[in-house]
Amino acid sequence: MAFLSAILPIMGLTLVMALDGSECPGEGRFSDASTCGGFIECIADKTGGYSVKRDHCNGYVYNATSMTCSQTLCDSRRERSVTNDYHPLSQVCESQPDRFLCANCKTLVHCVMGQAFVRQCIKDFYCTEKPGFGGAVCYPDEPAACLCLNPNEFRVDPYDPQRFFSCTNPGSQPQSYKCPDGMQFDENSAQCLSKSGYPQCVKSGTFANTQNCGEYYSCTSLMQGWVQKFFMCSGNHLFNERTKKCEDPCSLKFVCQREGRFPDPLNMQHYFECFMESGKMVKQRYQCPSGYMWSEESFGTGKCVEATDEYLGYPFAHCDMPDDLCPETDPCLQNPCYSGVACTFTSVAPFYTCGACPAGFTGDGETCDALQCPVGFAGIGGDCAPDSDLDGFPDTELGCSSKYCRKDNCVNRPNSGQDDADGDGLGDACDADADGDGLNSKSDNCPLTPNSKQEDADSDGRGDVCDNCPAMSNPSQRDIDGDQIGDDCDDDIDNDGSLNAADNCPLMANSNQADADGDGLGDVCDNCPLNPNPGQEDVDEDLLGDACDDNIDLDGDGVEDSADNCPSVANSNQQDVDGDGDGDLCDLDSDNDGVNDPSDNCFLLPNPGQEDANGDGRGDACSTDFDGDRITDANDNCIKNPNVYATDFRQLQMIALEPQSASDPPVWVVYDNGAEIHQIVNSDPGLAIGNDVMNDVDFEGTFFIEDTSDDDFVGFVFGYQSNAKFYVVAWKKGPQDWFNKAERGITLKLVDSATGPGPALRDALWLTGTTPNQATLLWHDGSIGWSPNVAYRWQLHHRPDIGTIRFYLYRGNNEVMDSGNIYDDSLKGGRLGLYCFSQEEIIWSNVKYTCEDGVPQEMFDDLPQNLKDQVLNTTGISTRSLFTIGGMGAQDRSLFQEPEGENGNRASNGKPRMNWVQKPCN
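Note that this is a predicted model, so its numbers are computed, not measured. Positions within a chain are numbered from 1, following the residues in the order the chain's sequence is written. Given that the model is predicted, a residue must reach a pLDDT of at least 70 before its local features are reported, and side-chain atom pairs must reach 80 or more before they are shown or counted; all residues, however, enter totals for whole chains, interfaces and linings. Computation of side-chain values: all heavy atoms of the structure, hydrogens and water removed.

Undergrad: Can you walk me through the overall build of the protein chain in this structure?
TA: Counting its secondary structure elements, the protein chain contains four helices and 53 strands. Going through the 922 residues of the protein chain one by one, you find that 48% of them count as buried. Contacts are residue-level and defined by heavy atoms, with any inter-residue pair within 4.5 Å sufficient. Residue pairs in contact within the protein chain that sit at least 24 positions apart in sequence constitute 44% of those at least 6 positions apart. Per-residue and other accessible areas follow the Shrake-Rupley method at a 1.4 Å probe size, with only the shown protein chains counted as cover for residues. For the protein chain, the accessible surface area stands at approximately 42600 Å², while carbon and sulfur atoms represent 50% of it. Numbering of helices and strands starts at the N terminus; helices are DSSP runs of H or I of at least 4 residues and strands are runs of E of at least 2. For every residue, the accessible area (1.4 Å probe, protein chains only) is compared with the maximum for its type, and the residue is labelled buried under 20%, exposed over 50%, or partly exposed between those bounds.

Undergrad: What exactly am I supposed to notice about the state of the cysteines here?
TA: Among covalent bonds in proteins, the disulfide is the one between the sulfur atoms of two cysteines. In this description, the term disulfide denotes a pair of cysteine sulfurs within 2.5 Å. Here the structure, examined in full by the defined rule, presents 22 disulfides. For Cys602, the disulfide goes to Cys622, at an S-S distance of 1.9 Å. Sign of the S-S torsion, about -90 degrees for the bond between Cys602 and Cys622, identifies this disulfide as left-handed. Note that Cys602 is positioned in the loop between β33 (383–386) and β34 (653–656) and Cys622 in the loop between β33 and β34, a separation of 20 residues in sequence.

Undergrad: How should the sheet that holds strand β40 (residues 725–732) be read in this particular structure?
TA: Strands pair in a sheet through their backbones, by hydrogen bonds, and they do so in one of two ways: parallel or antiparallel. When DSSP finds at least two bridges between two strands, those strands are taken to pair. If you trace the seven strands from one edge of the open sheet to the other, you get β34-β37-β49-β39-β40-β43-β44, paired in antiparallel fashion. Looking at which strands have only one partner, the edges of the open sheet turn out to be β34 and β44 (775–781). The mean angle between the axes of side-by-side strands here comes to 20 degrees, regardless of whether they run parallel or antiparallel. Note that strand β43 (residues 745–752) and β44 share six bridges and pair antiparallel. An axis is simply a line fitted to the C-alpha atoms; with a helix, the fit covers only the stretch in contact. Between two such axes, the angle follows the N-to-C directions and lies from 0 to 180 degrees.

Undergrad: I'm lost on the nonpolar core in this one. Help?
TA: Note on soluble globular proteins: their nonpolar side chains tend to be buried together. Nonpolar core, defined: a set of buried Ala, Val, Leu, Ile, Met, Phe, Trp, Tyr and Cys residues in which side-chain atoms within 4.5 Å join the residues together. Within the largest apolar cluster, 40 residues are counted, with the highest numbers of intra-cluster contacts made by Phe716, Trp794, Phe807 and Trp844. Among the nonpolar cores identified, the runner-up in size contains 21 residues, and Phe39, Phe100, Leu108 and Val112 belong to it.

Undergrad: Mind showing me how you'd approach the sheet that holds strand β15 (residues 175–178) here?
TA: The sheet built from three strands is open, its strands ordered β13-β14-β15 with antiparallel pairing. Two strands close off the open sheet at either side, each with one partner strand: β13 (155–156) and β15. When β13 meets strand β14 (residues 163–166), the two strands line up antiparallel, connected through two bridges. Bridge pairing in β14 links Arg155 to Phe165.

Undergrad: Explain the pattern of salt bridges to me, please; I cannot follow it from the model alone.
TA: Two side chains with opposite charge may pair up if their charged atoms get near one another. Whenever Lys or Arg places a side-chain nitrogen within 4 Å of a carboxyl oxygen from Asp or Glu, that contact is recorded as a salt bridge. Overall, the coordinates contain 25 salt bridges when judged by the stated rule. Its salt-bridge partner being Glu858, residue Arg806 comes within 3.6 Å of it at the nearest N-O pair. Of this pair, Arg806 sits in strand β46 (residues 804–811) while Glu858 sits in helix α3 (residues 857–861); the two residues are 52 residues apart in sequence, bridging distant segments of the chain. When sorted by exposure, Arg806 lands in the same class as Glu858, which is buried.

Undergrad: Which parts of the structure should I look at to understand the side chain of Ser416?
TA: In this structure, Ser416 sits in the loop between β33 and β34. Look at Ser416 and you get buried, because its relative accessible area is 8%. Polar contacts, as counted here, are pairs of nitrogen or oxygen atoms within 3.5 Å of one another; within protein the pair requires one atom able to donate a hydrogen and one able to accept it, and residues that are adjacent in sequence qualify only if both atoms are side-chain atoms. Here the side chain of Ser416 touches Asp672 through a polar contact of 2.7 Å, side chain to side chain. For Ser416, the contacting residues outside a window of four places in its chain are Asp391, Phe393, Asp672, Ala675, Glu676, Ser845 and Asn846.

Undergrad: Looking at this structure, how should I read the packing of aromatic side chains?
TA: When we look at a pair of aromatic rings, we describe it by the centre distance and by the angle of the planes. Any Phe, Tyr or Trp ring, taking Trp's six-membered ring, that has another such ring centre within 6.5 Å forms a pair; planes under 30 degrees apart are called stacked, those over 60 apart edge-to-face, and the others tilted. Using the criterion set out here, one finds 35 aromatic pairs in the structure. Centroid distance Phe699 to Phe716: 5.3 Å. Interplanar angle 85 degrees. Geometry classified as edge-to-face. Taken together, the residues span a long stretch of sequence, with Phe699 in strand β38 (residues 697–705) and Phe716 in strand β39 (residues 713–722) at a distance of 17 residues. Side by side, Phe699 and Phe716 carry an identical accessibility label, which is buried.

Undergrad: Hey, could you run me through the environment of Gln200 in this one?
TA: On the secondary structure map, Gln200 appears in the loop between β17 (191–194) and β18 (205–208). Gln200 sits in the partly exposed class, given a relative accessible area of 44%. For the pair formed by Gln200 and Gln228, sequence separation is 28 residues and the distance between their alpha carbons is 8.3 Å. Residues in contact with Gln200, not counting those within four places in the same chain, are Met183, Cys192 and Gln228.

Undergrad: Please clarify how the pairing of strand β23 (residues 260–263) should be interpreted in this entry.
TA: Put simply, side chains in a regular strand alternate between the two faces of the sheet. Of the two faces of β23, the one lined by Gly260 and Phe262 is fully buried and the one lined by Arg261 and Pro263 carries no buried residue. Where β23 and strand β24 (residues 270–277) come together, four bridges link them in antiparallel fashion. Bridge pairing links Phe262 to Phe272 in β24. Where β23 folds back on β24, the antiparallel hairpin that results is connected by six residues.

Undergrad: What should I look at first to understand the environment of Asp422 in this one?
TA: Turning to its location among the elements, Asp422 is positioned in the loop between β33 and β34. Along the sequence, Asp422 and Asp435 sit 13 residues apart, while their C-alpha atoms lie 4.6 Å from each other.

Undergrad: Teacher, can you tell me more about the side chain of Glu541 here?
TA: Checked against the element boundaries, Glu541 lands in the loop between β33 and β34. The charged side chain of Glu541 is buried without a salt bridge, its nearest counter-charge being Arg831 at 8.5 Å. Counting rule applied: Lys, Arg positive; Asp, Glu negative; His and chain ends not counted.

Undergrad: Would you mind showing me how to read the confidence of the model for the protein chain here?
TA: Regions with low pLDDT carry predicted coordinates that are not meant to be interpreted in detail. Residues at a pLDDT of 70 or more form 86% of the protein chain, whose mean pLDDT is 84. How sure the predictor is of each residue is captured by pLDDT, a score from 0 to 100. Under a pLDDT of 50 for its full length, residues 78–86 has, in the predicted model, 19 contacts with residues more than four places off or in other chains. Long-range and interchain partners of residues 875–922, a stretch whose pLDDT sits below 50, account for 138 contacts in this model, where long-range means more than four residues apart.

Below you can see the structure in the form of structure tokens.
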């Protein structure tokens, strides 16, 4: 068939415009019989005919029934895979990977197996959804939402809220604009606002989001502009700008007691009218005009007057609160709890409580999540798939909704953060060009930010586009306050309002600049705040300066008696929630609410009334957040420690165990918000210690060594109290006689060194056995050494109260090592960290630590009777079942049932069930 045509190359696609349209059976998208994978788009024109556009499925067969590109390759294209030069828009295809979709009013995205192929609509055509085309199509003068109705009117793009457009005259070609990243266009104000709806910063301080006072934000002025941070109140609490706290507005709820008009105690712009109707008191809420407030003239009477400063200081004065914020009816009628969970009406916000989650789920009753999968698998609950690299993400896609059900973007290399800078579906950890700029990541000076020109003005090895000090050399890129300005060029490194030159703690925020000992160092960064020591010497690296460190620690918790808030009771974390100077473990009333801890149903949160609406024994004040840290228990690694809620090794203290050596120190690189750590070089023995201090702890993670040429030590430490006192777990690939004889396998040692770091401690760490006055061998298993490029999962339980340690090691889903109970009560807690000795290219991935004072059943069963009695005789002990072999979060509280194996008390994988003997909360 002959027809007049124009060939238009658009964004990598060749479109043929047919003018006669005689091959169109009607309007729609149809197969093109002349080529495999081809299709035509027939669009009715004003003459009664059709305009035709030809396109193709990039090597795949077009399915005319579903009007999508199928997953069947054309015969002539069997070796072709879908490639995509327009990956920034691949996110549009995530939910519908084989469909035609609109990215914005002028951009149509053709999704083929999740990849985006882009077509820009020509003049007077706009992207719209049409059933006859099986999805989106560029269509003349539709939809109306993409057209201008009034001259010089700004309208938001209906497909992309970051974009907006305007026209000089109705019907003219729209001019498109785009808000900055992180913002979206608001038609009412004709402004670009942050995506969350927060106003832009105009002055420093902390403010409520007036559109939703359950949210608030802080504004910090910098030379380059503003740093804006966002926060959210828990429950139904709102942010009170006067007190700068999240508070329960329903505690001020107004109740009619007699007829009349009365001010709203929550917002003086409103008032209530109370009147009797049919024998019942009725309440109506009214609002004064903008700029006016209710003024009470006498009890029950008043009028709207011009607003004064009094209005501005009233609680929640700027909040636009819905009338039903504090409900008058039973909220359980709205089914706020998880399906099947009982709901009980209460008299305090949020006016209901939810019962326990169903078996197989964990949560607060309002939100219930399925339990996690066993070691070697990833997913949620019963929806699990193999996890070859043990980083928490399955090798194949699962149907469940959790992020842990998504296919691992690096199946054979652990990357628990799943970072993918260029959005190509291949994780940065295994992408040779992670940012998609055409340069190999190993030689790219901005491996995660496209910069093909590799400009580096300050020659520090970091390209200008990703350099937080582009005009000043700073290879470390350290940025303590996280304001995207490197410390080397930030005149206020800690962002506390005091410039570095005048700041007595330039690396730690302390706006009050308090300096009790007058040594020129602020109290918050002074390792002896009451003893002048401007040099801050700390030879044992325990964070307590030599000037006040006498090394007398009778309870063995790592805190010197002179600084210990419980000198006779081990409490490494020094938790003191009421700030009275007495640690919680030796404070009869930890929260100072007048109710002693043994009787207090929320002993970490003040609640003198002891309200407990659902009668579950836990007070309403701590029903979903036991320690009051604003992290729900289901998501909190330590539900009874408000200072720890997530695994975080982003701030590391580097400990050189042979500081006199001329060899290289370890080089630590942190990923996944502190849950994945790499050590790159072959180095002297060294530690990287985190900030959090733990008493009873469960510590787990994945070992992965990429180096294939060496055979030395990889491990971790716990109970770190100083550079001479800690427990270390070390794994040697093969035997070696160097400083001393090192055997293959895993050792657990107590380091209690008389010398501290140096050759003697180095030799003791190398030796498999015990070295007097340096290190004691507690346990050794020489059955296996590590293999390169193989993922291993470790789990460790440490219960200092009963002086018991237990270690497990898994390869895939197979347990390959169980230490049995190891007994040592030398160190009563401390910090956690990583250990290496002469071994490079190490990955510790998917690392987790949790505060757990419950005793695993296996550990309990192997205890001697006196320790069993110590556990069982604790008042209020309960036993709960918890299958933890799979690395479930330590706060999972429900029973995960497994079928019994042939031995009756064992699961089908041969592993005993894990029951927990739980100490009471108080």
